[in-house]
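# Architecture and fold: a report
Below are the chains, spelled out letter by letter.
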There are 2 protein chains.
Amino acid sequence: MDNFTFCSPTRYVLGRGVEARTGELVREMGCRKVLVVYGGGSARRSGLLGRVEESLTAVGVEFVEMGGVQPNPTDPLVREGIEIVRREGVDGLLPVGGGSVIDTAKAIAAGALYDGDFWDFFCGKAVVGKALPIGVVLTIPAAGSEGSGNSVITRQSDLRKISIRTDFWLCPKFAVMNPELTFTLPAEQTAAGVADMMSHIMERYFSTTEGVETTDRVAEGVLLAIITEAPRVMAEPGNYDARANIMWAGTLAHNGVCGCGRREDWASHGLEHELSALYGVTHGAGLAVMFPAWMEYMAGKRPFKIAQYARRVFGVDIADDREAALEGVRRLRDFFRSLGLPVTIAELGIENPDIDTLVTRFHENKGIPAGAYYPLQPEDTRTIYTSVIK
Amino acid sequence: MDNFTFCSPTRYVLGRGVEARTGELVREMGCRKVLVVYGGGSARRSGLLGRVEESLTAVGVEFVEMGGVQPNPTDPLVREGIEIVRREGVDGLLPVGGGSVIDTAKAIAAGALYDGDFWDFFCGKAVVGKALPIGVVLTIPAAGSEGSGNSVITRQSDLRKISIRTDFWLCPKFAVMNPELTFTLPAEQTAAGVADMMSHIMERYFSTTEGVETTDRVAEGVLLAIITEAPRVMAEPGNYDARANIMWAGTLAHNGVCGCGRREDWASHGLEHELSALYGVTHGAGLAVMFPAWMEYMAGKRPFKIAQYARRVFGVDIADDREAALEGVRRLRDFFRSLGLPVTIAELGIENPDIDTLVTRFHENKGIPAGAYYPLQPEDTRTIYTSVIK
């Protein structure tokens, strides 16, 4: 086991009707005027924004709004948010939505207190050393951004999609999580969220660090819960307990507890990020394609941890590591298919993917070699992309 | 699933040599003079106290010391600590030890800022509303106090052993956790710690709340890790990874993550607390006796969750719930025995236990009925105690 530091400072408030407590929680984090960040119109049409803003008004917290965040959020809206914060004297961020909305709010929270351009944090020119406090009202369980110090933003000019991680500054102070708000999520978004949260665990799980049984077992436990509950939420979108279990699993998948004490991989996320950046695919759907592709390649290169996953998570009963790993990949793909997810690039709607550009950009962003479990050279990366063209 | 709030604000710093960072962490929590609380002389003889105090001096943090905390810590030393804090102008607590040392420091941290007697918090006359900040150097993985807002103190005058729980004020700001410090723990203390941490999970796991698959699977995961690693630490006390896994499991067992979204039981802890208070037995050893006794009784009254535990944690393959539960209890007792733990009151060294007094005091402290999974009446409690006299 490697030395590690773990802290999960976010106060998670999960349950029916908990969005009514948003105002009180914003006041507890010491804010008097917040920027409410949201995505499309559904948060308003559903009445959620109204209820949240009513709870702010009830405790005397002022607010301004900024809507329009899109999936794979980009830099222009972050700059717009920073301007609003400065102009309006805002002292806190309140994203109401999923990962894209939360990540946009995080970038605004850091950028508003920084003299230069916020992209400096993403291109490595600066490190986040302060940020406005952030509280979250979560509506999409997937990205785990409600419990992480991470933010992922795409630069519009060159479609570079970059993830930053901070231990402290970008961790939300609270996350209001009402599973009822997810009853009306479209099936494909629910399924993509499941692939996203499973991937967050698997990026941490596939590690060469030995002697991490406690972290392994916790990670497997969250995966087992997701595999049990995901078919339930697909079949019964209004099943409260199933929705609640998926929502909580999505948080534990990414708050760091599944990675304690080991070197993590994150190559599959990088492989997917290039698909999202170039072709605008949904992140979770892209992961359902790229993660099994990466695992299948690993079965031939370094099968032992893929095999342990196959045995403990999917109950594969095969002694040979390579064969067990390959059977685990088959079952994972079957599971993704059963949720209606794509497992090839063609099924993502991309007919002639530009493999050269994908490979080049992946290594530009992740270096050569890339990943930790089995460091990828460009020829490895090419084989992985090519294996799932159709 | 019930509505819940979860926050784990403690910064866990786990690894080789991490006690050298204590001074820096104390400074980060804003303290200039701390009370170092410890137990017997082993912390000094081993050189640990010296290294910790050297790290304080290196960053300009002053300290005073108070040793002599005993297992099942009592109120007089808490009052002595409160006096020292006030007299010396101490602004933070630094317990170096296990649960008894940490719980004593927590009671001092709350009592020092309270006008009345600190016992008011324990007898229900007052609620902790502020406390001095606490940082921990952990030497015994067992009680989980390094990651909880709880404190357990026994009043010497009438041997009442009371546990209090706060969401925030008594949670340590940091916990320094070096598994190497546990290499020299006596075998019986290691084993008692294992029983203690398993019990913390099981008190949360045995619940009638349905629809908590994610929390169930996390709890089972930590139990599975403990069951794998405990025999290793017994056989090889200097196995770093095994010690590290046990240490981290002990924290996750009690930081609340294994209880999210459900009503917890805690009757078995109450049954054990009376044995500790009357006969001074080691808490973990008492739990190895009383928890299986409670479970065996439950197999006849409300077997379903005991049966799920038997199947998922001990791999019992029996369809009937009662029979599966009973087999699970047998395997748990065998596991405890394999670690050298007692499983009867006689094996605790108590030849003629005063069952009347145990039953009376248990219900005085826990009410009638007591516990949540299956509320105990005095006749239930009597049967449970009697079943494990020898």
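Right, let's walk through the structure included here. (Residues numbered from 1 in each chain as written. Chains lettered and ligands numbered in written order. Predicted model: local features only at pLDDT ≥ 70, side-chain atom pairs only at ≥ 80, totals over all residues. Heavy atoms only, no water.)

## Quick notes on the interface of chain A and chain B
The interface of chain A with chain B comprises 41 residues on the first partner and 40 residues on the second. When the buried surface of chain A facing chain B is broken down by residue, M1, T214 and W248 of chain A rank first, second and third, together holding 18% of it. The interface formed by chain A and chain B contains 0 salt bridges. At the boundary of chain A with chain B, the tally comes to 15 residue pairs in polar contact (both at pLDDT 80 or more). Of the residues that constitute the side of chain A that touches chain B, the class distribution is 22 nonpolar, 11 polar and 8 charged. When strand β1 (residues 4-14) of chain A meets strand β1 (residues 4-14) of chain B, the two strands line up antiparallel, connected through 7 bridges. The residue of β1 of chain B that forms the bridge with F4 of chain A is L14 of chain B. (Contact = heavy atoms within 4.5 Å. Buried area = accessible area lost by both parts, 1.4 Å probe. Salt bridge = Lys/Arg side-chain N within 4 Å of Asp/Glu carboxyl O. Polar contact = N/O pair within 3.5 Å; in protein donor to acceptor, adjacent residues only side chain to side chain. Nonpolar A, V, L, I, M, F, W, Y, C, P; charged D, E, K, R; others polar. Pairing = 2+ DSSP bridges. Helix = DSSP H or I, 4+ residues; strand = E, 2+ residues; numbered from the N terminus.)

## Section: the environment of A175 of chain B
Residues and elements named next belong to chain B. Relative to the assigned elements, A175 resides in strand β8 (residues 174-177). Distance in space between the C-alpha atoms of A175 and A346 is 37 Å, their sequence separation being 171 residues. The contacts of A175, once residues within four sequence positions are left out, are T10, R11, Y12, V13, V136 and E146.

## Quick word on the relation of the copies chain A and chain B
For the pair chain A and chain B, the best superposition has an RMSD of 0.0 Å and corresponds to a rotation of 180° with a translation of 0.0 Å parallel to the axis. The symmetry that links the two subunits is that of a two-fold axis. Within chain A, P9 of chain A has its C-alpha nearest the rotation axis, a separation of 2.2 Å. Most of the interface of chain A is mirrored in chain B, where 98% of its interface residues are also at the interface. (Least-squares fit on C-alpha atoms with pLDDT ≥ 70 in both.)

## Brief notes about the nonpolar core
Counting residues in hydrophobic clusters, the biggest one holds 238 residues, and the most contacted among them are M198, W294 and Y309 of chain A together with M198, W294 and Y309 of chain B. Other than its neighbours up to four places away in sequence, M198 of chain B contacts L223, I226, I227, Y309, L332, F335 and F336 of chain B. (Core = buried A, V, L, I, M, F, W, Y, C linked by side-chain atoms within 4.5 Å. Buried < 20%, exposed > 50% of the residue type's maximum accessible area, 1.4 Å probe, protein only.)

## So, the pattern of salt bridges
Scanning the entire structure with this criterion turns up 52 salt bridges over all chains. As a salt-bridge pair, D75 of chain A and R79 of chain A come within 3.0 Å of each other at their nearest N and O atoms. Of this pair, D75 of chain A and R79 of chain A both sit in helix α4 (residues 75-88), 4 residues apart, which is roughly one turn of the helix. According to the relative accessible area criterion, D75 of chain A is buried, its value standing at 7%. Here E24 of chain B ties to R21 of chain B by a salt bridge, and the two come within 3.5 Å at their closest N and O atoms. By relative accessible area, E24 of chain B is classed as partly exposed at 34%. Sharing partners across several salt bridges, the network here consists of E213, R217, E220 and R312 of chain A.

## Details of α4 of chain A
All names here are of chain A. Along its 14 residues, α4 runs 20 Å from first to last C-alpha, staying within 8% of the 20 Å computed at 1.5 Å per residue. Taken together, the buried positions of α4 are D75, L77, V78, G81, I82, I84 and V85. Where α4 is buried, its residues meet β2 (33-37), β3 (62-66), α5 (99-111) and β6 (150-155). (Expected span 1.5 Å × (residues − 1).)

## With respect to the sheet that holds strand β4 (residues 92-97) of chain B
One open sheet holds the 12 strands; their spatial order is β3(A)-β2(A)-β4(A)-β5(A)-β8(A)-β1(A)-β1(B)-β8(B)-β5(B)-β4(B)-β2(B)-β3(B), and the pairing between them is mixed. Strands with a single pairing partner mark the edges of an open sheet, and in this sheet they are β3 of chain A together with β3 (62-66) of chain B. Recorded for the sheet is a direction-independent mean angle of 25° between the axes of neighbouring strands. Against the sheet, helix α4 (residues 75-88) of chain B contacts β2 (33-37) and β3 of chain B, and its axis sits at roughly 155° relative to β3 of chain B. (Axes fitted to C-alpha atoms, helices over the stretch in contact; angles between N-to-C directions.)

## Overview of the side chain of E213 of chain B
Of note, E213 of chain B is situated in helix α8 (residues 213-235). Not counting the four nearest positions on each side in its chain, E213 of chain B is found in contact with A225, T228, E229 and N245 of chain A together with R312 of chain B.

## Some thoughts on the pairing of β4 of chain B
Residues and elements named next belong to chain B. Summarising burial for β4: 6 of the 6 residues are buried, a large majority. Along β4, one buried face is formed by G92, L94 and V96 and the opposite face, lined by L93, P95 and G97, is buried too. Bridge count between β2 and β4: 4 bridges; the pairing is parallel. Within β4, the position partnered with V36 by the bridge is L94.

Any functional reading would require information beyond the geometric quantities listed.
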